[in-house]
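Fold and geometry: a report
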Amino acid sequence: MMNLFAKTLLACAVTAATASTAYAADPLQVYGKLNVSAQSNDVAGETETTIQSNASRFGVKGNFDLGNDLEAFYTIEYEVDTGDDVKENFKARNQFVGLQGGFGLVSVGRNDTVLKISQGKVDQFNDLVGDVKNVFKGENRMAQTATYMTPMFSDFQFGLTYVADGDAEQSENTGVSMAASYGDSGLKATPFYAAIAYDSEVKGYDTARATVQGKVAGLVLGGMYQQQEKLNSGVTDNGYLLSAAYDIDAVTLKAQYQDMDNKGDSMSVGADYTLAKPTKLFAYYTTNAMYDSGDVDDSYFGLGLEHKF
């Protein structure tokens, strides 16, 4: 039923995008990306090859000028899993509606927490097997949220996400995510980006995170430090991430290392080759050493293609 609804919704979105809208000031933008790789997996001593989707997605978004410096905005986005062999390949991603104006912006619905957003672009292997979420907690997209973001004040911004206790992943506890950031996470408007964030009782964890990223002579360097505690466990785990990227013409060389107490560590190296602004080829190699896997390090090698639209 979920996939039937999603397919119907997306078909309607495509139709609407190619037709004249009832509200001329409310353009509907269809967007997405396909990121697919051939990956060799050596896990627990077993070798397997997969052709897999890496968080490929399809969505629609738009805004509407309400006058008096007030604007409505919305996003409806689904992950498309091209490698799902049972064809149940639509999964809900961010889906929210909101208002923005001089006061900042408010949104309600399914959304990333501000702690997750605060990482900016420090994760150089986002959506791949070397993604920070495989080692760190806090990369949460919650179903029942209300989020407030302040306007920018001299490159500073503050945000808060409230997670309702009715969310199935909240165990009947309300959660709060808070973040403060400085700069542009894309490193275009400012030479560096920094953020601190804290989750209280979000998806079973209290989490504190500090992130920094900057560009020095063309070399993009990033770091993250995190403390996380499973609720009622009394045990606090500490972890860190270091990342780097360097452009040589159309090639971006990347490397990343992350480690978390009582979880394990992960190391990744890779390269992206830009064919055009929306399209790139990429290659990566990742090793994961997780504490629950004994003395066996899992390794992954992949070649892929990404196209955004």
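Note that the structure is a prediction, hence the values are computed from the model and not measured.

This next bit is on the pairing of strand E7 (residues 141–149). Across 7 bridges, the pairing between strand E6 (residues 104–112) and E7 is antiparallel. Pairing of Leu105 across the sheet is with Met149, part of E7. Taken together, the 5 bridges between E7 and strand E8 (residues 156–163) define a ladder with antiparallel strand orientation. In the sheet register, Ala146 faces E8, and the bridge partner there is Tyr162. In this antiparallel pair of consecutive strands, E7 and E8, the connection spans 6 residues, and Ser154 shows a positive phi of 50 degrees.

The next thing to look at is unusual backbone geometry. Here Asn68, not a glycine, exhibits a phi torsion of approximately 55 degrees, which is positive. Secondary-structure assignment places Asn68 in the loop between strand E3 (57–67) and strand E4 (70–80). A relative accessible area of 80% means that Asn68 is categorised as exposed. Its identity as a non-glycine residue notwithstanding, Asp249 has a phi of 55 degrees, on the positive side. Within the secondary structure, Asp249 is located in the loop between strand E13 (236–248) and strand E14 (251–260). Under the relative-accessibility criterion, Asp249 is labelled exposed at 80%.

Basis of the calculations
Residues numbered from 1 in each chain as written. Predicted model: local features only at pLDDT ≥ 70, side-chain atom pairs only at ≥ 80, totals over all residues. Heavy atoms only, no water. Pairing = 2+ DSSP bridges. Helix = DSSP H or I, 4+ residues; strand = E, 2+ residues; numbered from the N terminus. Buried < 20%, exposed > 50% of the residue type's maximum accessible area, 1.4 Å probe, protein only.

Everything listed here is a matter of geometry and, on its own, says nothing about what the molecule does.
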